[in-house]
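Reading the structure
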Amino acid sequence: FFLLVSHHRLAMSVTLPPLPYDYTALEPYIGRQTLEIHHDKHHAKYVATCNTMIKGTELENSDLVSIIKAAKTSGNQGLFNNSAQVWNHSFYWNCMKAGGGGEPTGKLAEMINSSFGSYAAFRTEFEAAGNTAFGSGWAWLSL
C-alpha cells in the first residue's frame, strides 16, 4: 500500500467529523466495533460520495447545509440523500454521550408529561415509532 502526498491543498467542503467521544464511551449499549463500522465506514462513505458528486461543480467549496439546500432545490436526489445523511449522522453522534440517557428533568420533562401524560407513556410511543418505521428504526421528538 502506497500513499502519495501532495503539497497542494485539497479543496474538500464536506468532511467526516471525529466522534465527540472515545469508541468505547457508549459501552455496553453501543460497542467499539459498531462505532468503528458506523462512523469510520458507513458515515465516511456518505462523505466520500458527497465529495465525489460535488467535485468540479459550483458546490465544490460550499458548506454542507448549502449543498443540502441546493440539492433539494435542484431535485438532485442522490446528492440530497448523501449530503443529508452526512448531516444526520453528525447530528446523531452528538445526541449521545457517555453516561447519558435516562429520564429527563426540567422543562423537557414538563413538556413530555404535558403531551404524553408521563415519561413511561412517551417512551412506549417513541419506541413503537422507531420500531415500526420501515427500514429505519429512527424516531424523532420535535418540540
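Our structure's up above, just so we're on the same page.
So, here's what we can say about the structure.

Viewed as axis vectors pointing N to C, helix H1 (residues 32-54) and helix H3 (residues 77-93) meet at an angle of 145°, and their least axial separation amounts to 9 Å. Along this stretch, H1 crosses H3, giving a crossing that reads as left-handed. Residues Leu35, His38, His39, His42, His43, Tyr46, Val47, Thr49, Cys50, Met53 and Ile54 of H1 touch H3, and the partners they reach there are Gly78, Leu79, Asn82, Ser83, Gln85, Val86, His89, Ser90, Tyr92 and Trp93. The residue inventory of the contact of H1 with H3, partitioned by class, reads 10 nonpolar, 11 polar and no charged.

This part covers the packing of aromatic side chains. Here a ring pair, both rings aromatic, is described through the centre-centre distance and the interplanar angle of the planes. Evaluated as defined, the whole model comprises 6 aromatic pairs. Ring geometry for Trp87 against Phe91: centres 5.2 Å apart, planes inclined by 10°, an arrangement best described as stacked. Of this pair, Trp87 and Phe91 are both found in helix H3, 4 residues apart, which corresponds to roughly one turn of the helix. You can call Phe91 partly exposed: its relative accessible area is 34%. These aromatic residues form a ring-pair network of at least three members: Phe116, Tyr119, Phe122 and Phe126. Just above the ring of Phe80 sits the side chain of Lys72; from NZ or CZ to the centre is 5.1 Å.

By size, the foremost hydrophobic cluster in this structure holds 11 residues: Val14, Val47, Cys50, Ile54, Leu59, Leu64, Ile67, Ile68, Ala71, Leu79 and Val86. When residues of this core are traced back to their parent elements, those giving at least two are H1, helix H2 (64-74) and H3. Top element by residues in this core is H2. It accounts for 4 residues. Excluding its chain neighbours within four sequence positions, the residues that come into contact with Ile54 are Ser13, Val14, Leu59, Glu60, Ile67 and Leu79. Residues Leu26, Ile30, Leu35 and Trp93 belong to the second largest nonpolar core, which totals 6 residues.

With that settled, consider a nonpolar patch on the surface. Together, Val65, Trp87, Phe91, Trp138 and Trp140 line one region of the surface with nonpolar side chains, adding up to about 480 Å² of accessible area. Turning to its location among the elements, Trp138 is positioned in the segment after helix H5 (119-132).

Before going further, it helps to spend a moment on the pattern of salt bridges. A complete count under the given rule lists 2 salt bridges for this structure. With its nearest N and O atoms 2.7 Å apart, the salt bridge here joins Glu127 to Arg123. Of this pair, Glu127 and Arg123 both sit in helix H5, 4 residues apart, which is roughly one turn of that helix.

The next thing to look at is the environment of Tyr46. Within the fold, Tyr46 resides in helix H1. Separated by 30 residues in the primary sequence, Tyr46 and Leu16 place their C-alpha atoms 9.0 Å from one another. What Tyr46 contacts, discounting residues up to four positions off in sequence, is Asn82, Gln85, Val86 and His89.

Definitions and limits used
Residues numbered from 1 in each chain as written. Predicted model: local features only at pLDDT ≥ 70, side-chain atom pairs only at ≥ 80, totals over all residues. Heavy atoms only, no water. Axes fitted to C-alpha atoms, helices over the stretch in contact; angles between N-to-C directions. Helix = DSSP H or I, 4+ residues; strand = E, 2+ residues; numbered from the N terminus. Left-handed = near helix turned anticlockwise from the far one by under 90°. Contact = heavy atoms within 4.5 Å. Nonpolar A, V, L, I, M, F, W, Y, C, P; charged D, E, K, R; others polar. Phe/Tyr/Trp six-rings, centres within 6.5 Å; stacked < 30°, edge-to-face > 60°. Buried < 20%, exposed > 50% of the residue type's maximum accessible area, 1.4 Å probe, protein only. Lys NZ or Arg CZ within 6 Å of the ring centre and 35° of its normal. Core = buried A, V, L, I, M, F, W, Y, C linked by side-chain atoms within 4.5 Å. Patch = residues over 30% accessible without salt bridge, like charges linked within 9 Å, V, L, I, M, F, W, Y side chains within 5 Å. Areas by Shrake-Rupley, 256 points an atom, 1.4 Å probe, with all protein chains shown as cover. Salt bridge = Lys/Arg side-chain N within 4 Å of Asp/Glu carboxyl O.

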